[in-house]
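Read off the chains here:
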Amino acid sequence: MLEIKNLHVELEEEKTPILKGVDLSVEAGSIHAIMGPNGSGKSTLSYVLAGREGYVVTQGSIRFRGEDLLELEPDERAVAGLFLAFQYPVEIPGVGNMTFLRTALNAIRKARGEAELSAADFLKLVRARAKQLEIGMEMLKRPLNTGFSGGEKKRNEILQLAILEPCLCVLDETDSGLDIDALKLVAEGVNIMRADDRAFLVITHYQRLLNHVVPDVVHVMADGRIIESGGAGLALEVETNGYVELLKKVA
Amino acid sequence: MAQARSVAEALDARLAAAEALGGSGWSRDARSAALSRLRRMGMPARRDEYWRFTDPERLVRPDPGSADLLGDDVRMAFSSTDCTRLVFVDGAFRPDLSDRPAAEHLEILPLQEAMSADIHWASALYGRLEAAGHDPVARPLAALNTALAKDGFVLRATGRVPKPVCLTYLRERDDADATVHVVAGILEGGALTLLENGPGAARMNIVMEVDVAKGAVFNHVRVQGRDHQRLTAAHVFARLAASSHMKSFTMTSNGALTRNETVVDMTGDGARATVAGAVVGDGEFLHDDTVFVTHGAEGCESRQVFKKVLRNGAKGVFQGKILVKEGAQKTDGYQISQGLLLDEDSQFMAKPELEIYADDVACSHGSTCGALDPDALFYLMARGIPRDEAESMLVLAFLAEAVEEIEDAELADDVRGRLEEWIVRHRR
């Protein structure tokens with residue numbers, strides 16, 4: 001589903017290399033986790049996947065479902081089935097959460113040549129998804145992410161995921177800033193959305209999210225490269241020993 | 001010197017026009033009083049501090065210039081609102097195009113009729129709030145209006161007027177110089193919603209004087225029309241008695257030059273006033289909101305909320321002042337003005353001012369100017385919304401805070417819809 005080859009990325013303004021040859025292959029139905037210390041390039045990878053401005057790919061390629069992902073605008077990537085759950089969801093006062101969700105869903109449907117959803121059908125869909133994820137409808141009546149608590153923002157990301165139904169979900173430190181109850185709710189949301197034709201790329205500092213969302217493959221990233229890959233056990237190893245031992249091994 | 005001479009000549013030419021009007025009874029007295037005020041003040045010029053961002057030359061000169069008529073089929077604002085519609089064409093009232101000016105709890109007369117009749121409440125108001133509104137800053141264009149106006153309305157709400165009165169200003173000529181004067185008294189316990197829409201005239205000078213009695217309510221929603229080259233100078237003078245409430249909102253799109261002055265004098269305890277505006281301009285466009293709110297009594301609240309979206313060299317100006325007089329304790333004053341520049345050619349200039357002579361007061365003001373937030377744009381696009389549509393959503397969201405100040409939800413939706421249509425028409 002996702003094929004990253006020898007990806008080199010630098011910051012546009014400072015010309016600082018951030019990713020220095022990332023190789024990663026994610027198959028449909030699987031959950032991959034990427035762990036790594038601060039500054040290892042995890043979040044950069046998620047932004048480059050979603051198409052944020054400010055990064056330059058100097059080498060390598062990303063293919064997503066057979067397409068050259070780097071050729072696509074951010075909205076076209078969403079249409080192609082990619083979803084980034086933001087580490088810091090943006091507050092947009094003046095845009096209603098419900099209006100935003102409906103505009104997004106219908107934009108994607110339209111771009112795919114599908115019929116737009118009527119207001120009534122959309123409401124039905126949102127109600128069903130919100131119920132499934134135990135999200136109160138009052139959160140949908142508020143302006144997008146505005147004044148939301150950290151937990152509410154992350155749950156709103158998962159709700160968007162559940163409504164847009166992407167094939168590849170990149171979760172960028174979705175666990176950061178959450179207490180254990182909020183973390184569990186978010187993890188349950190992710191588990192509900194697991195499917196044979198959907199893959200997850202879970203980016204996290206800590207192992208604790210991976211207790212609730214159990215990955216098939218764990219990658220450790222350091223200094224812009226994936227330095228180690230393994231099963232779910234690798235996350236536990238990192239949790240016990242820290243990154244220091246692993247970093248020594250590759251040095 | 002050349003400028004000073006041309007300003008003086010302009011004044012002479014326009015005073016001659018006012019003197020020629022003559023009139024009888026109270027209207028003649030009101031006109032001649034306005035003329036003497038105007039002579040004392042002189043016409044405004046760019047060198048005046050109050051006009052430092054906006055050159056008044058085109059508003060002042062004898063020749064109104066010309067403005068092409070907009071021949072498109074964009075519907076008028078409030079076209080689906082149930083209201084008493086009073087139509088002006090090039091500034092002249094046209095009863096043949098209007099509803100009968102009548103409603104429950106409303107006394108109303110065209111200005112021309114009122115001027116030749118002995119209507120004490122109209123004569124007691126006409127030019128009075130305008131005359132009181134020159135201290136500490138002169139507003140000569142308003143005095144000029146009082147001296148020149150032949151058309152307009154005098155109205156008095158004796159109770160809650162059940163539906164809005166809508167003044168619609170249409171155009172037929174490309175060079176009309178219109179002067180419209182509206183006087184409204186809202187009696188104790190009364191309520192009136194006044195709507196204004198339409199392009200006005202090639203050059204439009206409009207003054208509205210509103211006296212809001214104890215506990216009375218005044219709602220004003222104005223949509224200034226879209227003709228590109230039109231010029232407008234508009235003044236609203238409002239006096240608020242105890243526990244009264246006013247909200248005035250203006251949407252402006254297009255127009256070469258617009259100066260909207262709002263002067264609110266809160267004279268009774270516990271009065272509340274909101275003045276808000278949403279402005280969209282593209283290209284040859286200068287829009288100036290100048291607001292002066294005086295807190296002259298205890299426990300009054302005022303809000304000023306202005307948002308301007310500017311592109312292709314459009315200019316936005318905001319001058320807003322809150323004056324808290326001695327003894328006006330427990331004042332709550334708020335003011336925000338924000339410019340959203342969609343390119344580097346556009347400009348937003350703001351001069352927020354507070355002047356406070358009481359010690360138990362909460363006043364705040366803020367002014368910002370910037371581009372669309374790239375993080376917000378990326379967030380929307382990352383959810384599948386194309387760039388154009390995402391930008392429009394953000395522009396509309398920026399304007400929303402001002403539109404929310406409109407009391408009536410249906411009117412607010414109408415304005416929001418018009419803003420959205422404008423934004424879509426003016427996409428890159």
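Values in this document were obtained by computation on a predicted structure and should not be read as measured data.

K.L.:
Lay out the overall build of chain A with the relevant residues and their values.
P.N.:
The helix and strand inventory of chain A stands at 10 helices and 12 strands. For a compact globule of 251 residues, the expected C-alpha radius of gyration is about 18 Å, and chain A comes in at 18 Å, within 12% of that figure. Counting only C-alpha atoms and orienting by the principal axes, one finds that chain A spans roughly 60 × 40 × 35 Å. Here chain A holds 251 residues, and 51% of them are scored as buried. Element-wise, carbon and sulfur atoms account for 49% of the exposed surface of chain A, whose accessible area totals about 10800 Å². Here chain A contributes 28 positive and 37 negative side-chain charges, whose respective centroids are spaced 4 Å apart.

K.L.:
I'd like a rundown of the pairing of strand 12 (residues 225-230) of chain A, residues and numbers included.
P.N.:
Residue and element names in this part refer to chain A. Where strand 11 (residues 217-222) and strand 12 come together, five bridges link them in antiparallel fashion. Bridge assignment links V218 to a residue of strand 12, and that residue is G230. Here strand 11 hands over to strand 12 after two residues, with D223 in that stretch at a positive phi of 45°.

K.L.:
Just give me the short version of the environment of T250 of chain B, but keep the residues and values in it.
P.N.:
Residue and element names in this part refer to chain B. With respect to the element layout, T250 can be found in strand 11 (residues 245-253). Considering only alpha carbons, one finds T250 and V221, 29 residues apart in sequence, at a separation of 5.9 Å. If we ignore the near neighbours within four places in the chain, the residues touching T250 are R222, Q224, N260, A276, G277 and A278. Engagement of the side chain of T250 in a polar contact is seen with the side chain of R222, the distance being 2.9 Å.

K.L.:
Requested: an account of the interface of chain B and chain A, with residues and values cited.
P.N.:
Each partner contributes residues to the interface: chain B has 18 residues there, and chain A has 29 residues. Taking both partners together, chain B and chain A bury about 1900 Å²; carbon and sulfur atoms supply 69% of that area. On the chain B side of the contact with chain A, F378, Y379 and R383 of chain B bury the most area, a combined 42% of that side's loss. The interface formed by chain B and chain A contains four salt bridges. Measuring nitrogen to oxygen at the nearest pair gives 2.6 Å for the salt bridge that ties R52 of chain A to D375 of chain B. Remark: the boundary between chain B and chain A carries nine residue pairs in polar contact (both at pLDDT 80 or more). Within the residue set of the side of chain B that touches chain A, elements represented by two or more residues are helix 8 (374-381) and helix 9 (387-403) of chain B.

K.L.:
Talk me through helix 2 (residues 25-41) of chain B; I want residue IDs and the actual numbers.
P.N.:
All names here are of chain B. Between its terminal C-alpha atoms helix 2 stretches 25 Å, which fits the 24 Å expected from 17 residues at 1.5 Å a residue. All of the buried residues along helix 2 are W26, S27, A30, R31, A34, L35, R37 and L38. Phi for G42, located one or two positions after helix 2, is positive at around 75°.

K.L.:
Could you give me a rundown of the packing of aromatic side chains, with the residues and numbers involved?
P.N.:
In the structure shown here, the tally under the stated rule is 10 aromatic pairs over all chains. Measuring from ring centre to ring centre gives 5.9 Å for F100 of chain A and Y379 of chain B, while their planes differ by 15°; the resulting arrangement is stacked. Taken as a pair, F100 of chain A in helix 3 (residues 97-111) and Y379 of chain B in helix 8 lie in two separate chains rather than in one. Pair check on accessibility: F100 of chain A and Y379 of chain B agree, each one buried. Each ring, one from W26 of chain B and one from Y126 of chain B, has its centre 5.7 Å from the other, and the planes form 65°; the classification is edge-to-face. Highlighted residues: W26 of chain B in helix 2 and Y126 of chain B in the loop between helix 5 (120-125) and helix 6 (128-132), separated in sequence by 100 residues. In this pair, the class of W26 of chain B matches that of Y126 of chain B, namely buried. Each residue in the set F86 and F100 of chain A together with F378 and Y379 of chain B is aromatic and connected to the rest through ring pairs, giving one cluster.

K.L.:
So what about the sheet that holds strand 6 (residues 82-85) of chain A? Which residues, and what values?
P.N.:
Residue and element names in this part refer to chain A. Pairing is mixed in the open sheet, where six strands are placed in the order 6-9-10-3-11-12. If you trace the sheet from one side to the other, it starts and ends with strand 6 and strand 12, each paired once. Looking at each pair of strands side by side, their axes are set apart by 20° on average, direction ignored. Helix-sheet contacts for helix 6 (residues 150-164) involve strand 6, strand 9 (168-172) and strand 10 (199-204), and the interaxial angle to strand 6 is about 170°.

K.L.:
Any chance you could break down the side chain of Q224 of chain B for me, citing the residues and the numbers?
P.N.:
Residues and elements named next belong to chain B. If you trace the backbone, Q224 turns up in strand 9 (residues 217-224). A polar side-chain atom of Q224 sits 2.7 Å from a polar atom in the side chain of T252. Not counting residues within four places of it along the chain, the set of residues in contact with Q224 comprises G198, R230, T232, A234, T250, M251, T252, S253, T258, N260 and H287.

K.L.:
Just give me the short version of the environment of V180 of chain B, but keep the residues and values in it.
P.N.:
Residues and elements named next belong to chain B. Looking at where V180 falls in the secondary structure, it is placed in strand 6 (residues 177-186). For the pair V180 and I206, spaced 26 residues apart in sequence, the C-alpha to C-alpha distance is 4.8 Å. Look past the residues within four positions of V180 in its chain and what remains in contact with it is F88, G91, N145, D151, G152, Y169, M204, N205, I206 and V207.

K.L.:
I'd like a rundown of the confidence of the model for chain B, residues and numbers included.
P.N.:
Averaged over chain B, the pLDDT score is 94; the fraction of residues at 70 or greater is 97%. Our summary of model confidence lists the complex with pTM equal to 0.92 and ipTM equal to 0.96.

K.L.:
Which residues make up helix 7 (residues 140-148) of chain B, and what are the values?
P.N.:
The buried fraction of helix 7 of chain B amounts to nine of the nine residues, a majority that puts the element mostly inside the structure. Those residues of helix 7 of chain B not exposed but buried are P140, L141, A142, A143, L144, N145, T146, A147 and L148 of chain B.

K.L.:
I'd like a rundown of the packing of helix 3 of chain A against helix 6 of chain A, residues and numbers included.
P.N.:
Between two packed helices, both the angle of their axes relative to each other and the distance between the axes serve to describe the pair. Residues and elements named next belong to chain A. Taken N-terminus to C-terminus, the directions of helix 3 and helix 6 make an angle of 35°; their axes are 10 Å apart at the nearest point. Seen along the crossing, helix 3 lies across helix 6 with a hand that is right-handed. Between helix 3 and helix 6, the contacting residues are N97, F100, L101, A104, L105 and I108 on the first element and N156, L159, Q160, I163 and L164 on the second. For the contact of helix 3 with helix 6, the residue count by class is eight nonpolar, three polar and no charged.

K.L.:
Talk me through unusual backbone geometry; I want residue IDs and the actual numbers.
P.N.:
Omega for the peptide link from D135 of chain B to P136 of chain B comes to 5°, which places this bond in the cis form. With respect to the helices, strands and loops of the structure, P136 of chain B is situated in the loop between helix 6 and helix 7. The phi dihedral of R65 of chain A is positive, around 50°, even though this residue is not glycine. Backbone geometry places N254 of chain B, a non-glycine residue, at a positive phi of 60°. One can find N254 of chain B in the loop between strand 11 and strand 12 (257-266). We classify N254 of chain B as buried; its relative accessible area is 4%.

K.L.:
For the sheet that holds strand 4 (residues 151-157) of chain B, give the residues involved together with the corresponding values.
P.N.:
Residue and element names in this part refer to chain B. In space, the nine strands of this open sheet follow the order 3-4-6-8-10-12-14-16-18, with mixed pairing throughout. The sheet is open, and its two borders are formed by strand 3 (106-110) and strand 18 (347-356), each paired with just one other strand. Averaged over all adjacent pairs, the angle separating strand axes in this sheet is 5°, with direction ignored. Where strand 12 and strand 14 (residues 286-295) come together, 10 bridges link them in parallel fashion. Paired with N260 across the strands is D289, a residue of strand 14. The sheet contacts of helix 7 involve strand 6, strand 8 (203-212) and strand 10 (231-240), and relative to strand 8 the element is tilted by about 90°.

Reading guide: rules and limits
Residues numbered from 1 in each chain as written. Chains lettered and ligands numbered in written order. Predicted model: local features only at pLDDT ≥ 70, side-chain atom pairs only at ≥ 80, totals over all residues. Heavy atoms only, no water. Helix = DSSP H or I, 4+ residues; strand = E, 2+ residues; numbered from the N terminus. Rg over C-alpha atoms; globule rule 2.2 N^0.38 Å. Buried < 20%, exposed > 50% of the residue type's maximum accessible area, 1.4 Å probe, protein only. Areas by Shrake-Rupley, 256 points an atom, 1.4 Å probe, with all protein chains shown as cover. Lys, Arg positive; Asp, Glu negative; His and termini not counted. Charge placed at Lys NZ, Arg CZ, Asp CG, Glu CD. Pairing = 2+ DSSP bridges. Contact = heavy atoms within 4.5 Å. Polar contact = N/O pair within 3.5 Å; in protein donor to acceptor, adjacent residues only side chain to side chain. Buried area = accessible area lost by both parts, 1.4 Å probe. Salt bridge = Lys/Arg side-chain N within 4 Å of Asp/Glu carboxyl O. Expected span 1.5 Å × (residues − 1). Phe/Tyr/Trp six-rings, centres within 6.5 Å; stacked < 30°, edge-to-face > 60°. Axes fitted to C-alpha atoms, helices over the stretch in contact; angles between N-to-C directions. pLDDT = per-residue confidence, 0-100. Left-handed = near helix turned anticlockwise from the far one by under 90°. Nonpolar A, V, L, I, M, F, W, Y, C, P; charged D, E, K, R; others polar.

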